Amino acid sequence: MGPSTSSAITLTINGETYPLSVDHRTTLLDALRERLDLTGTKKGCDQGQCGACTVLLDGRRAVACLQLAVAAEGCEITTIEGVAEGERLHPVQQAFLDADGYQCGYCTPGQICSAVAVLREHAAGWPSAVTGDVRPEAGPPPLSPEEIRERMSGNLCRCGAYVSIVEAVARAAAAQPATEGAPA
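Residues numbered from 1 in each chain as written. Predicted model: local features only at pLDDT ≥ 70, side-chain atom pairs only at ≥ 80, totals over all residues. Heavy atoms only, no water.

## With respect to the overall build of the chain
Test applied: In this description a helix means any DSSP run of H or I spanning at least four residues, a strand means any run of E spanning at least two, and both kinds are numbered starting from the N terminus. We compute the radius of gyration over the C-alpha atoms and compare it with the globule rule, which gives 2.2 Å times the number of residues raised to the power 0.38. The buried label applies to any residue whose accessible area, calculated with a 1.4 Å probe on protein chains only, is under 20% of its type's maximum; exposed applies above 50%, and partly exposed to all values in between. By the convention used here, residues are in contact when the closest approach between their heavy atoms is within 4.5 Å. As used throughout, the charge tally considers Lys and Arg to be positive and Asp and Glu to be negative, leaving His and the chain termini uncounted. Charged groups are reduced to one reference atom each: NZ for lysine, CZ for arginine, CG for aspartic acid, CD for glutamic acid.
Along the backbone of the chain there are 5 helices and 5 strands. Ordering the α and β elements of the chain from the N terminus gives β-β-α-β-β-β-α-α-α-α. A compact globule built from 184 residues would reach a C-alpha radius of gyration of about 16 Å, and the chain, at 17 Å, matches this within 12%. Along the three orthogonal principal directions, the C-alpha set of the chain runs to about 60 × 40 × 30 Å. For the chain, with 184 residues in total, the buried portion stands at 41%. The long-range fraction of contacts in the chain, counting pairs at least 24 apart against all pairs at least 6 apart in sequence, stands at 55%. When the 14 positive and 22 negative side-chain charges of the chain are each reduced to one mean point, those points stand 4 Å apart.

## A word on the sheet that holds strand β3 (residues 54–57)
This is how it is decided: In this analysis, strands are considered paired if DSSP registers two or more bridges between them. For every element, the axis is a line fit to its C-alpha atoms; helices are fit only across the contacting stretch, and the angle between N-to-C directions ranges from 0 to 180 degrees.
If you trace the 5 strands from one edge of the open sheet to the other, you get β2-β1-β5-β3-β4, paired in mixed fashion. Two strands close off the open sheet at either side, each with one partner strand: β2 (16–23) and β4 (60–63). Between one strand and the next, the sheet's axes are offset by a mean angle of 40 degrees, whatever the strand orientation. Pairing between β3 and strand β5 (residues 76–78): 2 bridges, direction antiparallel. Note on β5: the bridge partner recorded for L57 is I77.

## Structural notes on the pattern of salt bridges
Worth spelling out the cut-off: Whenever a carboxyl oxygen of Asp or Glu lies within 4 Å of a side-chain nitrogen of Lys or Arg, that contact is scored as a salt bridge.
The final tally for this structure, using the stated rule, is 9 salt bridges. With a shortest N-O distance of 2.8 Å, D30 and K43 are connected by a salt bridge. Taken together, the positions of D30 in helix α1 (residues 28–35) and K43 in the loop between α1 and β3 put the pair 13 residues apart, joining distant regions of the chain. Residue classification places D30 among the buried residues on the basis of a relative accessible area of 18%.

## Brief notes about α1
Of all the positions in α1, only L28, L29, D30, A31 and L32 are classed as buried. The inward-facing, buried residues of α1 contact β1 (6–13), β2, β3 and β5. D37 occupies a position one or two residues after α1 and carries a positive phi of about 60 degrees.

## Topic: the environment of P142
Along the polypeptide, P142 turns up in the loop between α3 (108–123) and α4 (145–151). The exposed category is assigned to P142, whose relative accessible area is 67%. Considering only alpha carbons, one finds P142 and H122, 20 residues apart in sequence, at a separation of 9.0 Å. Those residues within four positions of P142 in sequence are excluded, and the remaining contacts are H122 and E147.

## Focus: the packing of α3 against helix α5 (residues 162–175)
Quick reminder of the rule: Should an angle fall under 35 degrees it is taken as roughly parallel, and over 145 as roughly antiparallel, whereas 65 to 115 is taken as roughly perpendicular and any remaining angle as oblique. Helix crossings fall into two classes, left-handed where the near helix is turned counterclockwise from the far one by less than a right angle and right-handed where it is turned clockwise. Gly counts as polar in this scheme, as do all residues outside two lists: the nonpolar Ala, Val, Leu, Ile, Met, Phe, Trp, Tyr, Cys and Pro, and the charged Asp, Glu, Lys and Arg.
For the pair α3 and α5, the least separation of the axes is 10 Å and the interaxial angle reads 45 degrees. Considered as vectors, α3 and α5 are oriented oblique to each other. As α3 runs across α5, the sense of the crossing is right-handed. From α3, Q111, A115 and L119 reach across to α5, where they touch I165, V169, A172 and A173. Partitioned by chemical class, the residues of the contact of α3 with α5 number 6 nonpolar, 1 polar and no charged.

Okay, here's the thing in structure tokens:
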């Protein structure tokens, strides 16, 4: 008899625990959508290139199609279903509504999860590829449209709603206190 090809795992998703038995090859995306019926996370390219399946793992963005479910055990996973606080929308969700940052809406869950992480990364002072002054003492760069576009570049929108998405991220940044999302 060969080694087992499945494991019993427990995933923590949106603050709830989910025990599962999964094949070792099961992606986090497939576990979320097919096993747990958390279908807000979308399957786009299934190759890690479009960002439609972006979720937060311990507060950092990850494409769920490339993350194995067994490797996510022990992480705090946040999907689009867990971004809001009860009935109150997250500032990023509200900004997407206000700025009409979506068209067909298919990429929107991944865009929103990515934008939540972008705001945290920016507040923590992480530079991007277009940040002019990367010295830690310089602090976070201004969250210009160029910065937003670079930081959101891993999320594609086939409808071309990029102008509204950039506006939504800028609005969400303006709506959040300066320290929100920064590491404690």
